[in-house]
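Below are the chains, spelled out letter by letter.
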Amino acid sequence: GENVEQHPSTLSVQEGDSAVIKCTYSDSASNYFPWYKQELGKGPQLIIDIRSNVGEKKDQRIAVTLNKTAKHFSLHITETQPEDSAVYFCAAGSNFGNEKLTFGTGTRLTIIP
Amino acid sequence: DTEVTQTPKHLVMGMTNKKSLKCEQHMGHRAMYWYKQKAKKPPELMFVYSYEKLSINESVPSRFSPECPNSSLLNLHLHALQPEDSALYLCASSQVVTTPGNSPLHFGNGTRLTVT
């Protein structure tokens, strides 16, 4: 089955700086890569996703890059703000539903004011 | 606010109790999921319902019994749980995917379950 590794497990960043979280996956058949943000006391919320036919996707301060050859993808957050503090999970799955979605182990991001 | 509503937010139960967790969504999604999340861990898939029929059971012990009474509701019935079952139980929903593409998961805020 799929195995997703995520690094780092914790990350502290000065407000206004950028944060980068990296994930690698093992199954070359995976072709859907979402990122979820989980704030304290809440469920995970999708913040951005990318499919394997795209190398990069951007939504305001958030961007995701995908390298299918190397089987890794990354989340980039620019101009970080205190409300970006949360746990972030990457995931890898199929383009045919969520049953095979495998989550990474999570990154606790802390933005230092 | 999330469009997937879970009740109760917190639940404390003894090992001999029977309780139920409830989940409701009105987005027209026909796939619904139960996940279990332990502290500092990612969500783990337990069950998937597609068009109100159980399509996946990830070898979950029978003390957890899911039910999907209609397309908007999902229940998880609990009986004779163990202290190690204490966790955050998350409900999620999505469109059913039948052609290449994907429908993102929409999670509720979960029920924090403590088994004493």
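Within every chain, residues take consecutive numbers counted from 1 along the sequence as written. Numbering of ligands from 1 and lettering of chains from A proceed in the order in which they are written. In view of the model being predicted, local features appear only for residues whose pLDDT reaches at least 70, and side-chain atom pairs are presented and counted only at 80 or more, with totals across whole chains, interfaces and linings using the full set of residues. Only hydrogens and water are removed before side-chain values are computed, so all heavy atoms of the structure are retained for them.

A. Molecular detail of the nonpolar core. Only buried residues count toward a nonpolar core, which is a set of Ala, Val, Leu, Ile, Met, Phe, Trp, Tyr and Cys residues joined through side-chain atoms within 4.5 Å. Here's how the labels work: a residue is buried when its accessible area is under 20% of the maximum for its type, exposed when over 50%, partly exposed in between, all with a 1.4 Å probe on protein chains only. Trp 35, Phe 73, Leu 75 and Leu 109 of chain A are the most contacted members of the largest nonpolar core, which totals 23 residues. Here, two residues are considered to be in contact whenever any of their heavy atoms come within 4.5 Å of each other. Not counting residues within four places of it along the chain, the set of residues in contact with Phe 73 of chain A comprises Ile 21, Lys 22, Cys 23, Tyr 25, Phe 33, Trp 35, Thr 65, Leu 66, Cys 90 and Ala 91 of chain A. Membership of the second largest hydrophobic core comes to 22 residues, among which are Met 32, Phe 47, Leu 74 and Ala 87 of chain B.

B. How the structure looks around the side chain of Ser 72 of chain B. In this text, helices come from DSSP runs of H or I with a minimum length of four residues, and strands from runs of E with a minimum of two, each type numbered from the N-terminal end. Summarising the element assignment, Ser 72 of chain B is placed in the loop between β7 (64–70) and β8 (73–79). Contacts of Ser 72 of chain B, omitting those with residues within four sequence positions, involve Cys 23, Glu 24, Gln 25, His 26 and Met 32 of chain B.

C. Highlighting the interface of chain A and chain B. Across the boundary between the two partners, chain A contributes 22 residues, which contact 25 residues of chain B. Two parts lose some accessible area (1.4 Å probe) when they are put together, and adding that loss for both gives the buried area. In terms of surface lost to chain B, no three residues of chain A exceed Asn 98, Glu 99 and Phe 103 of chain A, which account for 31% of the buried area on that side. Any Lys or Arg side-chain nitrogen found within 4 Å of a carboxyl oxygen on Asp or Glu counts as a salt bridge. Where chain A meets chain B, there are zero salt bridges. Residues adjacent in sequence count toward polar contacts only when both atoms are side-chain atoms; beyond that, a polar contact is any pair of N or O atoms within 3.5 Å, and within protein one must be able to donate a hydrogen and the other to accept it. Between chain A and chain B we count four residue pairs in polar contact (both at pLDDT 80 or more) in total. The set of elements that each furnish at least two residues to the side of chain A that touches chain B consists of β4 (32–38), β5 (45–51), β9 (86–94) and β10 (97–103) of chain A. Per-element tally for the side of chain A that touches chain B: the top contributor is β10 of chain A, with five residues. Under the grouping applied here, Gly and all other residues not named as nonpolar or charged are polar, the nonpolar ones being Ala, Val, Leu, Ile, Met, Phe, Trp, Tyr, Cys and Pro and the charged ones Asp, Glu, Lys and Arg. Its residues placed into classes, the side of chain A that touches chain B shows eight nonpolar, ten polar and four charged.

So yeah, pure geometry; function would need other evidence.
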